[in-house]
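# Remarks on the overall topology
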There are 8 protein chains.
Amino acid sequence: MTDHRHEYDQVDDFARLDVGREARQGMPEFVYAESKTPEQVGAILARMAARLGCALATRATPAHAEAARAVLAEAVYDPISRLIRVGAMPRLEGGLARVLAAGTSDLPVAEEAAGALDFLGNRVERLYDVGVAGLHRLLSHVDELADSDVLIVVAGMEGALPTLVGGLVDVPIVAVPTSVGYGASFGGLSALLGMLNSCAPGVSVVNIDNGLGAAAVAHRILRQLRKRHARF
Amino acid sequence: MTDHRHEYDQVDDFARLDVGREARQGMPEFVYAESKTPEQVGAILARMAARLGCALATRATPAHAEAARAVLAEAVYDPISRLIRVGAMPRLEGGLARVLAAGTSDLPVAEEAAGALDFLGNRVERLYDVGVAGLHRLLSHVDELADSDVLIVVAGMEGALPTLVGGLVDVPIVAVPTSVGYGASFGGLSALLGMLNSCAPGVSVVNIDNGLGAAAVAHRILRQLRKRHARF
Amino acid sequence: MTDHRHEYDQVDDFARLDVGREARQGMPEFVYAESKTPEQVGAILARMAARLGCALATRATPAHAEAARAVLAEAVYDPISRLIRVGAMPRLEGGLARVLAAGTSDLPVAEEAAGALDFLGNRVERLYDVGVAGLHRLLSHVDELADSDVLIVVAGMEGALPTLVGGLVDVPIVAVPTSVGYGASFGGLSALLGMLNSCAPGVSVVNIDNGLGAAAVAHRILRQLRKRHARF
Amino acid sequence: MTDHRHEYDQVDDFARLDVGREARQGMPEFVYAESKTPEQVGAILARMAARLGCALATRATPAHAEAARAVLAEAVYDPISRLIRVGAMPRLEGGLARVLAAGTSDLPVAEEAAGALDFLGNRVERLYDVGVAGLHRLLSHVDELADSDVLIVVAGMEGALPTLVGGLVDVPIVAVPTSVGYGASFGGLSALLGMLNSCAPGVSVVNIDNGLGAAAVAHRILRQLRKRHARF
Amino acid sequence: MTDHRHEYDQVDDFARLDVGREARQGMPEFVYAESKTPEQVGAILARMAARLGCALATRATPAHAEAARAVLAEAVYDPISRLIRVGAMPRLEGGLARVLAAGTSDLPVAEEAAGALDFLGNRVERLYDVGVAGLHRLLSHVDELADSDVLIVVAGMEGALPTLVGGLVDVPIVAVPTSVGYGASFGGLSALLGMLNSCAPGVSVVNIDNGLGAAAVAHRILRQLRKRHARF
Amino acid sequence: MTDHRHEYDQVDDFARLDVGREARQGMPEFVYAESKTPEQVGAILARMAARLGCALATRATPAHAEAARAVLAEAVYDPISRLIRVGAMPRLEGGLARVLAAGTSDLPVAEEAAGALDFLGNRVERLYDVGVAGLHRLLSHVDELADSDVLIVVAGMEGALPTLVGGLVDVPIVAVPTSVGYGASFGGLSALLGMLNSCAPGVSVVNIDNGLGAAAVAHRILRQLRKRHARF
Amino acid sequence: MTDHRHEYDQVDDFARLDVGREARQGMPEFVYAESKTPEQVGAILARMAARLGCALATRATPAHAEAARAVLAEAVYDPISRLIRVGAMPRLEGGLARVLAAGTSDLPVAEEAAGALDFLGNRVERLYDVGVAGLHRLLSHVDELADSDVLIVVAGMEGALPTLVGGLVDVPIVAVPTSVGYGASFGGLSALLGMLNSCAPGVSVVNIDNGLGAAAVAHRILRQLRKRHARF
Amino acid sequence: MTDHRHEYDQVDDFARLDVGREARQGMPEFVYAESKTPEQVGAILARMAARLGCALATRATPAHAEAARAVLAEAVYDPISRLIRVGAMPRLEGGLARVLAAGTSDLPVAEEAAGALDFLGNRVERLYDVGVAGLHRLLSHVDELADSDVLIVVAGMEGALPTLVGGLVDVPIVAVPTSVGYGASFGGLSALLGMLNSCAPGVSVVNIDNGLGAAAVAHRILRQLRKRHARF
């Protein structure tokens, strides 16, 4: 049987697909659109879709989306999450991720996480606008929180939401600080430090605004759950 | 009538008491023991007690306390708050300050605040070990919180407690970040930033570990309440 | 009697009003316009005004204002404070807040504080251009300062004004650092640190440029004063 | 059936056990020894052991251990991990956590993580001294890495190890930066930033030197795996 | 023989060429275009080319390039490296520099380094898209890496690539952190700290995005190699 | 006439006196004791005194002083300023420097400045305990302040004193931030930033706790005054 | 004789001139244009010119200049220093300031300093493009440097120039860090720290890019020199 | 022929020697004593010496040295560089490294670099006390500087020395910032930033106080020179 784990595929002369990434890391390579031209994003997505059957670009602008649709009629763009999706990975059984967001300004990051999880075949549910200033909105959802396999908790400003959730349920929490805030939030540093210093157990943290990174962690957790399930 | 607001009093050659401070600022000068020798602290406390009838030193070590008791039999030292008290200001009617602390490690700062408020003649109650990881301890005290004139909320690590309290009641909150924590708490910076970026209204912040500073703010608020009460 | 403290109201699908906030926190929810489209701001203000009888948006641009006026004829925009006001809360008896600003560049933040206090029904007076480089301007107003219930003191650069005021009078001071300055002011960090390290008693601090936050603290202080007055 | 989730137990007057924590958070409360006296640590451990059947203290010194052994003959101290263990939670079936450490200086943090996981009943294996400067040591263990349910990866200095591991296998990685290093490592900041900015997917981060925090995250992941296993 | 080491040449009134720089420092002065108008860049390049036979401008925009071509037909602009080249220094025998880049976003910096080395007469080869998340791409090139006289290694985000390379071969490594990344990469600070704290020997670091600076270091190393070769 | 500006003198094998420093820089070299052994400090002071007729060591401990007195009977140690003086430079006519200190904790730095100025032959007067929290102490000295040639203003915490003084008189001000404070004073950073961002004209700043550095600046100003006086 | 030291003059409703500033601080108030509209700058300059006979605005854009010229025909704008000058203060006898700049990118800041000094009536000479990478350019001017009363030394990047100059001559040096640089220059922080930590005596520092602030310090030094000259 | 590049050797149970490091990286593994007990350092040195014929420990205390000498009579300790040497690598022909230090406080770091280079078999010369405040000391050595193959330049405070040297000669410069300084030197950050922002070409930087790291870079440069020499 061929080992595809270290195979690559050259796209024109500006990119080399890491074709083996899915076999190795459990997840295909995505296109980070922010540092690429619309034409480059279109070309890489097309090659990926041809090779893998589906493709995803993150941090895409409408211009990226337009270039993608010019070469891939099935490309779908969502302006909030800034994702361009071409198809999706096969639906996976077992496991549920929930994405929480503290405020409406945190939605782009939360939707990037939720959209990527969905694209990867996972079941994902959203719970938004449950920030700590209106505590009872959150408390009314404790049972749903407890009935999840992994929680992605997105918050800016002081970033207290993951701490609260971590004190209420026993589910692993991936905390995502956002750059929402002003003044001494210092571009998300305040929320990042708050989450790293959480006094609640079970909270780990990804980079500021890194919805995709949180999705990758949650996907790996759900993936282990399915792998082990087969083995138990 | 003499205006004492700008009067000073020389203690040996190492200190000059700002005798007018109480008239001007509503509160006498205190002795910050940390940068003084035991003998200096003893001498200044003695002069203050003679001049004002009472005196308070903060951040005092047992050595400071011993030197104080050598010259002032009535000096009382509390090793948790690190306060040396000589007498107290007259009891004041009206107004209640509550001091909250998230964890037991925050007690020295909380006690510095509570002790200073008490020394200044205010009514003060304590509510400790109500950190956000055990949310229901806090929620069971909401009515007490609401029935206060000012809340001093002391917390380290991610500093989320003032935000939670600020979302539950309408009382002014003086938040005190502590240097409790390690790693990315950076000596209290994490809690400080969390409190400054609080998404709850009504929260203002003093310096890290500054229990005395919080007491001064709370004392001024209670003082206005009493002054205006007389005037209404 | 119905407890409105934990009631919410959905606005289209992009916002959920925390209707119980006033009962709980003594102040209705405001609209932070900066992260919303003009249409969203207009819609939320309209819903708030219908539900609460008045509404306020902060950090609004002229475009936000235009969209608000399109749906609410009585919406009033002030380009300095960047507030959109729709009506106001009932006038409240008793208590006076004074807002000080060090320089003309600090006016937007000071006016946000003053405008929000006024909207909330409080009596507020302004004292501007009293920075420490022209000390006698400030000293000529000491009696007015002393005759206030709470002082909001707004300053950028080195942020020394709250310290000066705190040394002159016994009123609680809410200090607001502004991002005014350049170079090593690091976006207001210099003023923020200066205020947190104030050597004067009675000073607490809110986030950089957070005029609204200072108003919320002052409003809570004045509110306690009125509540207790009734009770004494 | 009684709900123990919000039950507390007072220990003398200096601590209140959060007895419901295990029911709520899937893990009992631990004793953070660093900020407590030897006597306090001994007393709390004794009460915990009496109440829960086992107990764990972290960041303990030999003096803490001695005080613990004076009241609890079965207390066991490990000077590397600085853990005091009294008994252990019941062994749990299913799931394997592996703890990696880059260098010998990272062992105290790695052992804190491994010891806590073991105490909580999990199966845990260690893989130490696999830093990136000797890459082939790591590469010779790829199959073991892939055959784990969660990886805790501990590293100081530039903190590159989690990135490398994240590129090789599809298992969720909890990265722990350590304060090992000097100069521009700034007490672990360098490793922390390196891990947060990891270009590999599936990496989330806990606070500097927080071995216990990583264990809590891994424990929650293993716990979900077991819970869902029962349900599938 | 005249000593040109301290000779200067005035260009209009806005610049003074340090004509002796090549004799003194082994490399002529370059034009840093970023802070100059197109016309100034054109005029200085023309004067340099007239005086030295060749010239190089860095960080040039298309507008700079157009102005340069208006006065110097032979000026060549490369939009990726942002270099304007007029001729080149004589080809030099002996010595090979290799430039590695972790990802496609790092290309502008890598190309600035490679282009400047080439302009200075050195033999330079490129090896791009060999980031640590796809480790086997890098490992398949170890022999080429070892067969170089100096390696310039360009990476953003966590900046782990120089550490990996430094552990694999015995060649001096000039590490260049790039500002590629977001959130807690803090404009390249994360990669910079990662490289400074490298646990691999033989790595030194230049400023963030400073491809030219790395080229200057590599050029000096190659130059010594040629000088000493003549002498041995 | 011999040019002594670039002459050096070897002391054993651990130091080389820059004998020409006074001719070149208007001030002899001083001994920074902090990083030297008592014996080294004694030996260098002895050599300096022999060569220049006088000598000064800064940041000296009692142990340094004892070693100095063992070889130089006339060495005088002051424990507050931590200076060891051996003789002094000739008294200079004309010019007066005044050193201000905000609080008693700032005295070591202020005394280092005052002592060094005195050693260099300048007339210096002290004005201590004039911090901004007791504004009238400062205001009562405005005429003295105005009647100085240069002011050294020493303050910690928020560092507001130089700004105040700069607004009152037209004398050049050398501001010295001290590391006095705690929490968010971050070792003097708060005072440093406050002084750099001073809104008053005529303020320049030296390093934190650098009393000697301020004395050197003031000495150069007084020196110019005397030089020019001769020339006018 | 009237004391004008604390007199003010209202300009429309947006500014209040501190008319007494010259009497008090030795220098009139300037207009900081950056935070004002063209019309406001024009109006304040007109009022100042009417009241004081001359006026200066800093950080002015061409739009500010146009508005100024519309109301004041004699307003002169210099696009490099960004100063708008209306007349000038009377020429002053005695004293020479020299302004040094390390590179051409530092000219705007150097010219702001030189232009302001000239406006204030001082004699000022310029010495530009004398950065440390071409050391002999600087060394060839040592005699001129020594023959100055005060030196303003402007530099970005590593900010080493003031240290070099401070080691060569005995004149007081006002160092001005500029935000010139990239990457780890962090907007001038690198140069600022370099200057504050200068190992040469006689260097004090003003804020990043603060040419005007340096001019104010130099003007005060020259002013003392003239005052004392009259008195000697 | 056996490939030793990936061979390891276990020392008791606390360390695993990377025996292949010399073959791979051109330099054996060293013992970083700071985080090890005296006994561990002795045991590892003994094993290394047995296996490789020589060994080196860095950052060693006298206690480490004593333990080493107890097991290895030929171990030599130098208290300034804090190196323990057991034998040395064979002398290598060709190539000269020079180590410069700005001040006497920088000697420990400079000696660590020089001692390690010497141990590795290289020819190394020292040039100390050539800081920029006494510029002519440095200038009198320019010919020696130019006649070197690589320069290690060690400096604290503002870290300007590498910039100066880089402007004078064409040799590659490895800059080492030291933590020498106080206040705003922030533990060497000031020197580090100064060196990274050097305006002179050919300067690269290692971590603060990292003398050993600089030696490794210089050793690799000299090694290439010798390798290529054989090949030319």
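Residues numbered from 1 in each chain as written. Chains lettered and ligands numbered in written order. Predicted model: local features only at pLDDT ≥ 70, side-chain atom pairs only at ≥ 80, totals over all residues. Heavy atoms only, no water.

### Things to note about the relation of the copies chain H and chain D
To keep things clear, this is the line we draw: For this overlay, a least-squares fit was computed on C-alpha atoms, restricted to residues scoring pLDDT of at least 70 in both copies.
Each copy of the sequence occupies a distinct position, and chain H is placed on chain D by a rotation of 90 degrees and an axial shift of 0.0 Å, giving an RMSD of 0.0 Å. Viewed as a symmetry operation, the transformation between the two copies matches a four-fold axis. No C-alpha of chain H approaches the rotation axis more nearly than that of Phe186 of chain H, which lies at 7.3 Å.

### As for the arrangement of the chains
Filter applied, for reference: Note on contacts: a residue pair qualifies if any of its non-hydrogen atoms lie within 4.5 Å across the two residues.
The smallest C-alpha distance separating chain A from chain F is 13 Å, and no contact links them. Contact between chain A and chain G is absent, and the least distance between their C-alpha atoms amounts to 15 Å.

### Some points on the pattern of salt bridges
Threshold: Any Lys or Arg side-chain nitrogen found within 4 Å of a carboxyl oxygen on Asp or Glu counts as a salt bridge. Per the convention used, a helix needs a DSSP run of H or I reaching at least four residues, while a strand needs a run of E reaching at least two, with both numbered from the N terminus.
Summed over all chains, the structure comprises 85 salt bridges over all chains. Between Glu125 of chain A and Arg123 of chain A there is a salt bridge, and its shortest N-O distance comes to 3.6 Å. The closest approach of N and O atoms between Asp170 of chain E and Lys227 of chain H, which form a salt bridge, is 3.1 Å. Residue Asp170 of chain E is located in the loop between helix H7 (161–168) and strand E10 (173–177), and its partner Lys227 of chain H is located in helix H9 (residues 211–231); the two belong to separate chains.

### Regarding the sheet that holds strand E4 (residues 55–58) of chain B
Residue and element names in this part refer to chain B. Put simply, the rule reads: If DSSP finds at least two bridges between two strands, the strands pair. Axes here refer to lines fitted to C-alpha atoms; in helices the fit is confined to the stretch in contact. Angles between the N-to-C directions go from 0 to 180 degrees.
Read from one edge of the open sheet, 4 strands run E3-E4-E6-E5, paired in mixed fashion. Each edge of the open sheet carries a strand with a single partner, namely strand E3 (31–32) and strand E5 (75–78). Relative to strand E6 (residues 83–86), E5 runs antiparallel, the two being bridged by 4 bridges. Of the residues in E6, the one forming a bridge with Ala75 is Val86. Against the sheet, helix H2 (residues 38–52) contacts E3, E4 and E6, and its axis sits at roughly 150 degrees relative to E4.

### Considerations on the interface of chain H and chain D
Filter applied, for reference: Accessible area that two parts lose when put together, evaluated with a 1.4 Å probe and summed over both, is termed the buried area. Polar contacts, as counted here, are pairs of nitrogen or oxygen atoms within 3.5 Å of one another; within protein the pair requires one atom able to donate a hydrogen and one able to accept it, and residues that are adjacent in sequence qualify only if both atoms are side-chain atoms. Residues were grouped as follows: Ala, Val, Leu, Ile, Met, Phe, Trp, Tyr, Cys and Pro as nonpolar; Asp, Glu, Lys and Arg as charged; and all remaining residues, including Gly, as polar.
Across the boundary between the two partners, chain H contributes 18 residues, which contact 14 residues of chain D. Together chain H and chain D conceal approximately 1300 Å² of surface at their shared face, both sides included; 48% is due to carbon and sulfur atoms. Across the chain H-chain D interface, the total number found is 6 residue pairs in polar contact (both at pLDDT 80 or more). Of all the elements in the fold, those that place two or more residues in the side of chain H that touches chain D are strand E2 (15–17), helix H1 (21–25) and helix H8 (189–196) of chain H. With 3 residues, H1 of chain H is the single largest residue contributor to the side of chain H that touches chain D. Looking at the side of chain H that touches chain D residue by residue, the class counts come to 7 nonpolar, 5 polar and 6 charged.

### With respect to the relation of the copies chain B and chain C
Under the fitted operation, chain B is carried onto chain C by 0.0 Å of movement along the axis and a turn of 180 degrees, and the coordinates agree to an RMSD of 0.0 Å. Within this description, the copies of the chain are treated as partners about a two-fold rotation axis. When you check the interface residues of chain B against chain C, 100% turn up at the interface there too, and the contact is symmetric in its surfaces.

### Side note on unusual backbone geometry
Heads up, the rule is: Working definition: with a 1.4 Å probe on protein chains only, accessible area under 20% of the residue-type maximum means buried, over 50% means exposed, and in between means partly exposed.
One non-glycine residue, Arg59 of chain C, adopts positive backbone phi at about 55 degrees. Along the chain, Arg59 of chain C falls in the loop between strand E4 (55–58) and helix H3 (62–71). Exposure remark for Arg59 of chain C: the relative accessible area of 9% places this residue in the buried category. At Asp129 of chain F, a residue that is not glycine, the phi angle is positive and equals roughly 65 degrees.

### Some details on the packing of helix H8 (residues 189–196) of chain G against H8 of chain H
So the rule is basically this: Angle categories: roughly parallel below 35 degrees, roughly antiparallel above 145, roughly perpendicular from 65 to 115, and oblique for all the rest. Here a crossing is called left-handed whenever its near helix is offset anticlockwise from the far helix by less than a right angle, and right-handed whenever the offset is clockwise.
One way to put it is that H8 of chain G packs onto H8 of chain H with a least axis distance of 9 Å and a crossing angle of 125 degrees. Looking at the two axes, H8 of chain G sits oblique to H8 of chain H. Where H8 of chain G crosses over H8 of chain H, the handedness of that crossing is left-handed. Every residue of H8 of chain H that contacts H8 of chain G at Leu189, Ser190, Leu193 and Gly194 of chain G is listed here: Ser190, Leu193 and Gly194 of chain H. Looking at side-chain class alone, the contact of H8 of chain G with H8 of chain H contains 3 nonpolar, 4 polar and no charged residues.

### Digging into the packing of aromatic side chains
Filter applied, for reference: Pairing of aromatic rings covers Phe, Tyr and Trp, the last through its six-membered ring, and needs centres within 6.5 Å; plane angles under 30 degrees mean stacked, over 60 mean edge-to-face, and all others mean tilted.
If you walk through the whole model with that rule in mind, you get 16 aromatic pairs over all chains. Between Tyr32 of chain F and Tyr182 of chain H the ring centres are 6.1 Å apart and the planes differ by 20 degrees, which places this aromatic pair in the stacked class. One end of the pair, Tyr32 of chain F, is in strand E3 (residues 31–32); the other, Tyr182 of chain H, is in the loop between strand E10 (173–177) and H8, on a second chain. Taking relative accessible area as the criterion, Tyr32 of chain F reaches 26% and is therefore assigned partly exposed. A centroid spacing of 5.9 Å and a plane angle of 75 degrees characterise the contact between Phe30 of chain G and Phe119 of chain G, whose relative ring orientation is edge-to-face. Of this pair, Phe30 of chain G sits in the loop between helix H1 (21–25) and strand E3 (31–32) while Phe119 of chain G sits in helix H4 (residues 107–119), placing them 89 residues apart in sequence. Among the residues examined, Phe119 of chain G registers a relative accessible area of 0% and is labelled buried.

### Remarks on the pairing of strand E7 (residues 96–101) of chain D
Residues and elements named next belong to chain D. For clarity, the cut-off: A crossover gets the label right-handed when its path from the first strand over the helix to the second runs clockwise, viewed with the strands pointing away from the viewer.
The buried count for E7 comes to 6 of 6 residues, which makes it a mostly enclosed element. Judged by which residues are buried, E7 turns out to be covered on both faces: Leu96, Arg98 and Leu100 on one side and Ala97, Val99 and Ala101 on the other are all buried. Bridge count between E7 and strand E8 (residues 123–128): 6 bridges; the pairing is parallel. Bridging from a neighbouring strand, Arg98 pairs with Glu125 of E8. Crossover E7 to E8 through helix H4 (residues 107–119) is right-handed.

### With respect to the interface of chain B and chain C
Taken together, the contacts link 40 residues of chain B with 40 residues of chain C. Summing both sides of the interface, chain B and chain C together bury roughly 3600 Å²; the carbon and sulfur share of this comes to 53%. Applying the counting rule to chain B against chain C returns 4 salt bridges. At the boundary of chain B with chain C, the tally comes to 24 residue pairs in polar contact (both at pLDDT 80 or more). Sort the elements by how many residues they give to the side of chain B that touches chain C and helix H9 (residues 211–231) of chain B lands first, with 11 residues. Looking at the side of chain B that touches chain C residue by residue, the class counts come to 18 nonpolar, 13 polar and 9 charged.

### Digging into the domain arrangement of chain A
Residues and elements named next belong to chain A. What counts, and what does not: Reported domain spans reflect what an automatic or database domain assignment gives.
Considered domain by domain, chain A is made up of domain 1 (4–86) and domain 2 (96–229). Using C-alpha coordinates to define each centre, domain 1 is positioned 26 Å away from domain 2. Applying the counting criterion to the domain 1 and domain 2 interface returns 2 salt bridges. For the salt bridge of Arg59 with Glu112, the shortest nitrogen-to-oxygen distance reads 3.4 Å. Mapped onto the side of domain 1 that touches domain 2, the elements with two or more residues apiece are helix H1 (21–25), strand E4 (55–58) and strand E6 (83–86).

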